[in-house]
Amino acid sequence: MTLVPADLDAYLTANDDRIRGELFDFLRIPSVSARSEHDADTVRAAEWTARSLGAAGLTATVHPTAGHPVVVGEWRGAPPGAQTVLVYGHYDVQPAEPLELWTSPAFEPTVRDGRLYARGSVDDKGQLFLHIKALEAHLKVRGTLPVNVIVLAEGEEEVGSEHLASFIEQHVDLLRCDAVVISDSAMFAPGLPSVLSSLRGLAYFQIDVQGPAQDLHSGSYGGAVVNPAMALARILATLHDDDGRIAIPGFYDAVDEWPAAVREQMRSLPFDDEHFRAEAGSPALGGERGYTVLERLWTRPTCEVNGLLSGYTGEGAKTVLPARAMAKVSCRLVPDQDPTEIEGLMKAHLARVSPSGVTTTVTHLHGGRPWRAELKGPLFEAARRALAAAFGREPVITGEGGSIPVVGDFGRILGAPVLLVGFGLPGENAHAPDEWMSMENFTTGMRAIATLWDELAAH
Ligand code: BES
Ligand code: MN
Ligand code: MN
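This brings us to the domain arrangement of the chain. By domain assignment, the chain separates into domain 1 (6–199 + 370–458) and domain 2 (201–255 + 301–368). Distance from the C-alpha centre of domain 1 to the C-alpha centre of domain 2: 36 Å. Taken residue by residue, the interface counts ten residues in domain 1 and ten residues in domain 2. Taken over both partners, the interface formed by domain 1 and domain 2 buries close to 670 Å², and the fraction arising from carbon and sulfur atoms is 59%. For domain 1, the biggest contributors to the area lost against domain 2 are P370, R372 and S403; these three give 61% of the whole. Linking domain 1 to domain 2 there are zero salt bridges. The interface formed by domain 1 and domain 2 holds two residue pairs in polar contact (both at pLDDT 80 or more) in total. Grouping the constituent residues of the side of domain 1 that touches domain 2 by class yields five nonpolar, four polar and one charged.

Geometry of an aromatic ring pair is reported as the spacing of the ring centres plus the angle between the planes. Following the criterion strictly, the structure yields ten aromatic pairs and no others. The interplanar angle of 5 degrees and the centroid separation of 4.5 Å between the aromatic rings of F26 and W48 together place this pair among those described as stacked. Placement of the pair is F26 in helix α2 (residues 16–28) and W48 in helix α3 (residues 39–56), with a sequence separation of 22 residues. Of the two residues, F26 and W48, neither departs from the other in class, the shared state being buried.

Our focus in this paragraph is the coordination of the manganese ion (ligand 3). The coordination sphere of the manganese ion (ligand 3), as far as protein atoms go, consists of D123 (OD), E158 (OE), E158 (OE) and H431 (NE2), spread over 2.1 to 2.5 Å. Coordination at the manganese ion (ligand 3) is irregular: its six donor atoms span angles of 56 to 157 degrees at the metal. All donors to the manganese ion (ligand 3) come from one chain, and their sequence spacing reads D-x34-E-x272-H. A gap of 3.6 Å separates the manganese ion (ligand 3) and the manganese ion (ligand 2), which D123 links by coordinating each metal. Residue D123 is found in the loop between β5 (115–117) and α4 (125–142), and its partner E158 is found in the loop between β6 (148–154) and α5 (164–170); the two are separated by 35 residues along the sequence. Note on accessibility: D123 and E158 belong to one class, buried.

What counts and what doesn't
- Residues numbered from 1 in each chain as written.
- Chains lettered and ligands numbered in written order.
- Predicted model: local features only at pLDDT ≥ 70, side-chain atom pairs only at ≥ 80, totals over all residues.
- Heavy atoms only, no water.
- Domains from an automatic or database assignment.
- Contact = heavy atoms within 4.5 Å.
- Buried area = accessible area lost by both parts, 1.4 Å probe.
- Salt bridge = Lys/Arg side-chain N within 4 Å of Asp/Glu carboxyl O.
- Polar contact = N/O pair within 3.5 Å; in protein donor to acceptor, adjacent residues only side chain to side chain.
- Nonpolar A, V, L, I, M, F, W, Y, C, P; charged D, E, K, R; others polar.
- Phe/Tyr/Trp six-rings, centres within 6.5 Å; stacked < 30°, edge-to-face > 60°.
- Helix = DSSP H or I, 4+ residues; strand = E, 2+ residues; numbered from the N terminus.
- Buried < 20%, exposed > 50% of the residue type's maximum accessible area, 1.4 Å probe, protein only.
- Donors = N, O, S within 2.8 Å, 3.2 Å for Na, K, Ca; no water.
- Tetrahedral: all angles 85-135°; square planar, octahedral: opposite > 155°, others 65-115°.

Have a look at this one:
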């Protein structure tokens, strides 16, 4: 049976306090990619990441882009014939608002009950950082690594990774690798290490409905002028049928049958609908008829309203017929749906269903391809052994409802297989107030990754 190498384990234990302190420093930088007032902070986080890679023993460069910078770390001293792995992560974070709902400040990391609370603790700074420290352990203890390593840290993941695919295309020689490893997801349950078999893709739209040139008195005009808020409501109601299926013609054409073996293995996971409902804090669960909750989350596409805006929303009543209405609508996609094709279908559908008397415009904000893992080969086998060594039990294979836009690009541009092993947990509040990462998962995850490089080289 594989064990966590004792020399690396001892190093990480001896340096526990320092590692923790550095992680806290990283988390104190409010690197919110969505807000331009934080642009200096994303640069600071990129530079911090590069310094941390440098201290670990890699050479690191901060590459400016048209958006937030990309950080590339390199260490290429492995013996001839060794593999080259690329570790991807993101140093940007989601906005922390609403701030008043945080128990402790979002950018002041605080440990309570073994949970490290801070924006970015689990998504993704904590998980990116544990990779840097696993590399540091190898390089400080042994002065070498059994694989060549490239670390690619971006600052635009939370806003759709707009500039990353072109960066990869322009730096194919720099980034060429045999495999990609990513920790930006969660384990299925505490103590249960998990390897991802899929991610959903994304196609994100803004729908604007323009009615009269300005707001109107709803008594003087209402009933005789088309109301854009009502028009938008009608439009949104056409997106699903009564069975919860998406009613956009052609939407499911590219949806690929899920491999029977993966579905079967999915059914064997310990999952309780009621527990999930309670964790979501929702009065009931819903979705497409004929599918289990995990199938709905992992294997089926969605089309969901993410935001709505129109008319008077202040205190009390105001009789007004709004001039315009707006909705943010995002579709989660599954293999082999293509975000650009979905954009075409969405636009054609909305052009058909938009009532006369208003002008409807659709803007595609960003997209990402869905992804499905290979789940075989030396990298996958090494991950099994490394996770089993660190966590004391074999990993399970899980799916994922969320998206990491660049993942599909790694295969497409670099031709490299991707392994997703995450160390978050259900209920970790990613993107929400009181985001946390389990300190135990941070510590154990760091050891699992340190072990992974030995295991990959040994077989
Ligand atoms: N780390 C997440 C992806 C993820 C979500 C993995 C849930 C596992 C569980 C990533 O940072 C993320 O939030 N992605 C966005 C992508 C979007 C902004 C383009 C998402 O899924 O909404
Ligand atoms: Mn993430
Ligand atoms: Mn995220």
